[in-house]
Amino acid sequence: MSRAVRWWVLGAGTAGVGLVLLLAFLQMPSFGSSHHPYRDAAVPAAVAHGTANVVGSVTFDQRGIDTLGEEAIFFGSVLAVLVLLRPEDEEEPRPEEGSLAPLQSTRLFGYLLLPLSLITGLDIVAHGHVTPGGGFQGGIMLATALHLVYVAGRYRSLEQLRPMPLFESGEAAGVAAFTALGFAGIAVTGSFLANFLPYGTFGQILSAGTVPLLNIAVGVAVGSGGIVLLGQFFTQVFLADREKGSGS
Amino acid sequence: MSVLIAVVLTLVLVCGALVVFTGNVQRQAVTLSLYGLLMTLLFVLLSAPDVALSQVVAGTAVVPLMVLLTYRKIRGLR
Amino acid sequence: MPWEGTASSFAPVAIGVLLLVACLLAALGKLLPRWAVDAVATVAVVGVVALDVVLLRATRAGRVVTWVGAWTPSRGSSVGISLVADRLGAGLALLAGVLVLAALVYSWRYFEDVGAHYQVLILLFLAGMTGFVLSGDVFDMFVFFELMGAVAYALTGFLVEDDTAVQGALNFAIINSLGAYFTLTGIGILYARYGALGLPQLGEALAGQPPDALLVIAFCLVCVGFLVKAAVVPFHFWTADAEAVAPTPVCLLFSGVMVALGVYGVDRVYSTVFGEVLPHDAVRRALLVLGALTALVGALMCFLQRHLKRLLAYSTIAHVGLFLAAAGTLDGPGTTGAAVYVLGHAGIKGALFLIAGTVLSRYGSVDEVSLHGRGRDARVMPWLAVVAGLALAGLPPFGTGLGKAISEEALSASGFRWGPVLFVLVSALTGAAVLRAACRIYFGLGPKPQDDDQDEASGDEQDRETPALPRVRATMLLPIAALLIGALAIGAVPAVARGVSSAAREFLDGQGYVQQALHGAAAEPPAPLTEAAWTATGVALDVLSVLLAAGLAALALWKAQLPDRLRTVTRPMRSAVAALRRAHSGHVGDYVAWLLLGIAAFTALVGVPMI
Amino acid sequence: MSVYAYVVAGALLLLGAIGIARSRDLVHAVVCLSISQSGTYVLLLAIGYQDGAPAPVFGSTSAPTTRVVDPVVQALTLTDIVVSATVTALLLALSIQIQKRHGTVDPDELSALEG
């Protein structure tokens, strides 16, 4: 329909939905109220399972199948990007060489920050059940940290460091590990995704039963998935430069 | 409701409008990154550290980077 | 305690197996030959279908409740997520499994050069549908809804070489995602006041609450995502774009079961959470109005199409309107009619999409006009197409005819005289469109139509999805025949309709759901309904719509010889139709505008009469 | 002032939708979609907030207490942010393919799917 009609429909729709939302917001408990029934049950449940980071307990222990679903969405989306950006026959990805060499300072900071950010990422994954963080955040951090090699060096060295098939199967392995832990729950206690490991001492690294293991599985999946994702987009950009022959 | 949260909420709203109403995609990616940072600040103020960490990693770094790479690819194809 | 026991782990095992096999195929896909990938995927789906059958039998003794992670309720409350499989939910999961199996078998020969990624996406799609149907937690339903969505966007744009595929996929993705965000807003509003996400917990928390604005708005917003997925007017615009371009086996899944899950989502949320709070007649009126509108728009647009897959997509929209109208009566007979109609329609529409796939693979186009008489050499396919067209119009004893008859009976019994008229007209129009296309392509009936209007999306530039096949392979013919026989069995075997009626009454019993899921109360399934069977008026109305369909098809085939007087009659209608056609513009901005207006209108439709 | 946070969330949701409707570039529309989505994050976290309550993470110093900000909405939001980054990547990949196939990403020129 013409732009003018679309404006009218959009205007009416926005006004209507705005009014609807406002009416609902006015009847909701006021911002900052202390009325949180689900929290009153979730915090003791997390403490009972020895998980200091209650968010981690809710994500991986109390509402585990939600996170399994989110993992599957992540896995499906990365796969979809692989499918949609698969190089057709006339485009084979060969990055352009001889582009601008990075400044000396960038090289220095890049190579200094690389191990630092990798360790931080690993720490955030491993301590997901004790301090803020977890598999999702740590995984993406690891994925972006690896690309410091490209920032500080050349794209070719990054390519050698990350063979794509390894990370594709790494992502599948992470999701499979998460599901396998779910089945282990059935084997041990008869209930899917149950927290069957000992809960350890509250607040220590060895605590919260299966939550750290699930965090690590998610860290592996999200880390490798992130690398595959960014790799696909970088390959696409270099494809364009090769066709046009322009500097990258 | 503390004044600081109200201020940051207003900044988030203004920056969101900025992202929506920037026509050029390249500038929009940079504004999106700024928007991600403001959201991170808001989540810290709402005492949600996990979500702030998630936002700073995904919303500030990865998504704008992919938007820029997409923009570069589309401009290259034109 | 009623929550333990082996039956309670069937649902998570089904989802887990699908995910594990998907990961296996994704990791090893490149190393295995194509037949091995197909074999592994098919065996996995057969296993899940078997699990669904066992789960369905287990639900005969009452709902199978699974509290994931051993978070079984204590003193009537739990922080965990429940998967509640009642007979209707398990039946829909089984239907999804069977259709995915048919799609996989059809894809063996249909696609040549597809890597393991296609099978992995299909397995994830089944995991999403199974999880959505069996979940007893509204946020969990949202997560599996998103999983179905993300995988569906990829499957729609799978054939990236085809020009229109990717644009249809992006329109589908943007509109579905926006709808999902409104559902999440509704969940958030509900969570703010009641602090619960599980359907049983919410049902108990809402019982006895006065129906104020927050509850009406929360219900309407939660339904938005489901109504978009169900392709209900005015949220339906993405459907034709997506289904016109998606690979044919994927269209079978979209039209066969995915849109029906949207209607299921609305009904499940209403009957378990809002059933005691929002007055039935307000919600009934809204659903009936939306259903009737969707049915009419879908049927009219279906009759106007010449692109086979768009024709079938609009026919699906028309039938979703009928499902919503039938289920909108919110009583036993209506829900039974809708459920039987969904089962019958899944078989018939699935077969029709697969037939359209064979037309595309043999003749290289899905444009009815340019394929005039091209199919004369086909032997079996023409008769399957004609039978499927008649069955779509409601030919007894097919499941579609029985579902239509029960629904008409339910609507007129609850005082909506226009119900039977709507059902007969819409099924006749959609049946006529299919019959017209089949006769024109396979039998070359009617004069060769000249290409009059060029602006319309003809199916000519539709790229061939596979290299030209000399003749239709057995693995493509088998699923078509199986789906048709299945639809026939649903109508002919009386036990099916009786079982569905008992399942429908159990589905509507929100209190029983809460008591059994949260407090472990034993629940024996209700007795079947007597109305769930063929009746004289039902058969009469079915025969009437079949004859009407045949008449309309003949009229369309030989419209060139019509006397001019008759054509002037349709002059004013023509401008309205042109406006309707322009509204389906393929522009994502229009679709977003209609989405927002639709949300406001739906909320007003439910809420205003209650003030 | 108790609804200001919710109003900002609702505004972001609608702003994104308006952005998609008026957009002349599909990549711009995808970014607007992610703005809409961030609206739902603000709404969920605003619902979970409690005045003066600390974060729901207990260290060796802070003893476990239920007087913390709601952890459930945080769990829902944190996974959603990362996962939706990949769904946005999926939409960006689709828009790259649209550019390859149609030579344009402007929805007005793309309305080829007429009728």
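What counts, and where the lines are drawn
Residues numbered from 1 in each chain as written. Chains lettered and ligands numbered in written order. Predicted model: local features only at pLDDT ≥ 70, side-chain atom pairs only at ≥ 80, totals over all residues. Heavy atoms only, no water. Helix = DSSP H or I, 4+ residues; strand = E, 2+ residues; numbered from the N terminus. Rg over C-alpha atoms; globule rule 2.2 N^0.38 Å. Buried < 20%, exposed > 50% of the residue type's maximum accessible area, 1.4 Å probe, protein only. Contact = heavy atoms within 4.5 Å. Areas by Shrake-Rupley, 256 points an atom, 1.4 Å probe, with all protein chains shown as cover. Lys, Arg positive; Asp, Glu negative; His and termini not counted. Charge placed at Lys NZ, Arg CZ, Asp CG, Glu CD. Salt bridge = Lys/Arg side-chain N within 4 Å of Asp/Glu carboxyl O. Buried area = accessible area lost by both parts, 1.4 Å probe. Polar contact = N/O pair within 3.5 Å; in protein donor to acceptor, adjacent residues only side chain to side chain. Nonpolar A, V, L, I, M, F, W, Y, C, P; charged D, E, K, R; others polar. 1 Å grid on protein atoms, 1.4 Å probe; cavity = no way out; pocket = protein on both sides within 12 Å on 5 of 7 lines; lining within 4 Å. Points joined across faces, edges and corners; volume = space filled by probe spheres on them.

Caption draft 1: Quick peek at the overall build of chain D. When helices and strands are counted, chain D shows four helices and zero strands. Compactness check: chain D gives a C-alpha radius of gyration of 19 Å against a globular reference of 13 Å for 115 residues, more than 25% above the reference. Relative to its 115 residues, chain D shows a buried fraction of 77%. For chain D, the proportion of contacts with a sequence separation of at least 24, taken over those separated by at least 6, is 52%. A total accessible area of about 2600 Å² is found for chain D, and carbon and sulfur atoms account for 56% of it. With 5 positive and 8 negative side-chain charges, chain D shows a separation of 6 Å between the mean positions of the two kinds.

Caption draft 2: Spatial organisation of the overall build of chain A. Assigned secondary structure in chain A consists of ten helices and zero strands. Its helices and strands taken in sequence order, chain A reads α-α-α-α-α-α-α-α-α-α from the N to the C terminus. A compact globule built from 248 residues should have a C-alpha radius of gyration of about 18 Å, whereas chain A, at 23 Å, is more than 25% larger. Considering only C-alpha atoms, chain A reaches an extent of 60 × 60 × 40 Å along its principal axes.

Caption draft 3: Local environment of the pattern of salt bridges. In total, this model carries 20 salt bridges over all chains according to the counting rule given. Residue D590 of chain C pairs with R6 of chain A through a salt bridge whose shortest N-O separation is 2.4 Å. Residue D590 of chain C is located in helix α23 (residues 588-607), and its partner R6 of chain A is located in helix α1 (residues 3-27); the two belong to separate chains. Across the pair, R6 of chain A and D590 of chain C agree in class, each one buried. One salt bridge in this structure joins R24 of chain D and D108 of chain D, with 2.9 Å as the shortest N-O distance.

Caption draft 4: View of the interface of chain A and chain C. With 55 residues of chain A at the contact, the number on the chain C side is 65 residues. Regarding the contact of chain A and chain C, the summed buried area is about 5100 Å², with carbon and sulfur atoms giving 75% of it. Ranking the residues of chain A by area buried against chain C places M1, Y38 and I65 of chain A at the top, with a combined share of 12%. At the boundary of chain A with chain C, the tally comes to three salt bridges. With its nearest N and O atoms 2.8 Å apart, the salt bridge here joins R63 of chain A to D137 of chain C. At the junction of chain A and chain C, the tally comes to 14 residue pairs in polar contact (both at pLDDT 80 or more). Residue assignment for the side of chain A that touches chain C shows that the elements contributing at least two residues are α1, α2 (37-48), α3 (54-62), α4 (64-84) and α9 (164-189) of chain A. Sort the elements by how many residues they give to the side of chain A that touches chain C and α4 of chain A lands first, with 15 residues. Class assignment of the residues belonging to the side of chain A that touches chain C gives a composition of 35 nonpolar, 13 polar and seven charged.

Caption draft 5: Structural view of the side chain of D61 of chain A. Considering the arrangement of structural elements, one finds D61 of chain A in helix α3. Although buried, D61 of chain A forms no salt bridge, and the nearest oppositely charged side chain, R63 of chain A, lies 12 Å from it. Here the side chain of D61 of chain A touches H49 of chain A through a polar contact of 2.6 Å, side chain to side chain. For D61 of chain A, the side chain forms a polar contact with the side chain of N195 of chain A, separated by 2.9 Å. Ignoring any residue separated from it by four or fewer positions in sequence, one finds D61 of chain A in contact with H49, G56, N195 and V211 of chain A together with W71 of chain C.

Caption draft 6: Fine view of the interface of chain C and chain D. Counting residues at the interface gives 44 residues for chain C, matched by 35 residues for chain D. Of the roughly 3600 Å² buried where chain C meets chain D, counting both sides, 75% is carbon and sulfur surface. Considering only the side of chain C, the residues that lose the most area to chain D are Q167, L170 and Y181 of chain C, jointly responsible for 18% of the buried surface there. Inspection of the chain C/chain D interface yields zero salt bridges. Our count for the contact surface shared by chain C and chain D stands at three residue pairs in polar contact (both at pLDDT 80 or more). Broken down by secondary-structure element, the contributors of at least two residues to the side of chain C that touches chain D are α5 (138-156), α6 (163-194), α9 (237-245), α12 (308-327), α22 (571-583) and α23 of chain C. The element contributing the most residues to the side of chain C that touches chain D is α6 of chain C, with 19 residues. Taken together, the residues of the side of chain C that touches chain D sort by class into 25 nonpolar, twelve polar and seven charged.

Caption draft 7: Main features of empty space enclosed by the protein. Here the structure, examined in full by the defined rule, presents 14 cavities of 30 Å³ or more. There is about 200 Å³ of room inside the largest cavity. Considering the residues around the largest cavity, the lining is formed by 17 residues, among which Q55, G59 and V63 of chain B together with S34 and Y41 of chain D are closest to the centre. Of all elements in the fold, only α2 (25-45) and α3 (49-77) of chain B together with α2 (26-48) and α3 (71-102) of chain D reach the threshold of two or more residues within the lining of the largest cavity. For the lining of the largest cavity, the residue count by class is nine nonpolar, eight polar and no charged. The space that makes up the second largest cavity amounts to roughly 130 Å³. If you trace the second largest cavity, you find 13 residues lining it, with L308, L352, I355, V434 and A437 of chain C closest to the centre. Where the lining of the second largest cavity is concerned, the elements lending two or more residues are α12, α13 (332-363) and α16 (418-443) of chain C. Of the residues forming the lining of the second largest cavity, the biggest block, five residues, is contributed by α16 of chain C. In terms of residue class, the lining of the second largest cavity is made up of 13 nonpolar, no polar and no charged.

Caption draft 8: Up close: unusual backbone geometry. P234 of chain C follows V233 of chain C through a cis peptide bond whose omega is -5°. Looking at where P234 of chain C falls in the secondary structure, it is placed in the loop between α8 (213-229) and α9. With an omega of -5°, the peptide bond running from P396 of chain C to P397 of chain C counts as cis. Residue placement: P397 of chain C occurs in the loop between α14 (381-392) and α15 (399-413). Notably, A208 of chain A is not glycine yet its phi reads approximately 70°, a positive angle. Its place among the elements puts A208 of chain A in the loop between α9 and α10 (211-244). The backbone of A70 of chain C sits at a positive phi, close to 60°, despite the residue not being glycine. Note that A70 of chain C resides in the loop between β1 (64-67) and β2 (82-85). Overall, the relative accessible area of 43% leaves A70 of chain C in the partly exposed class.

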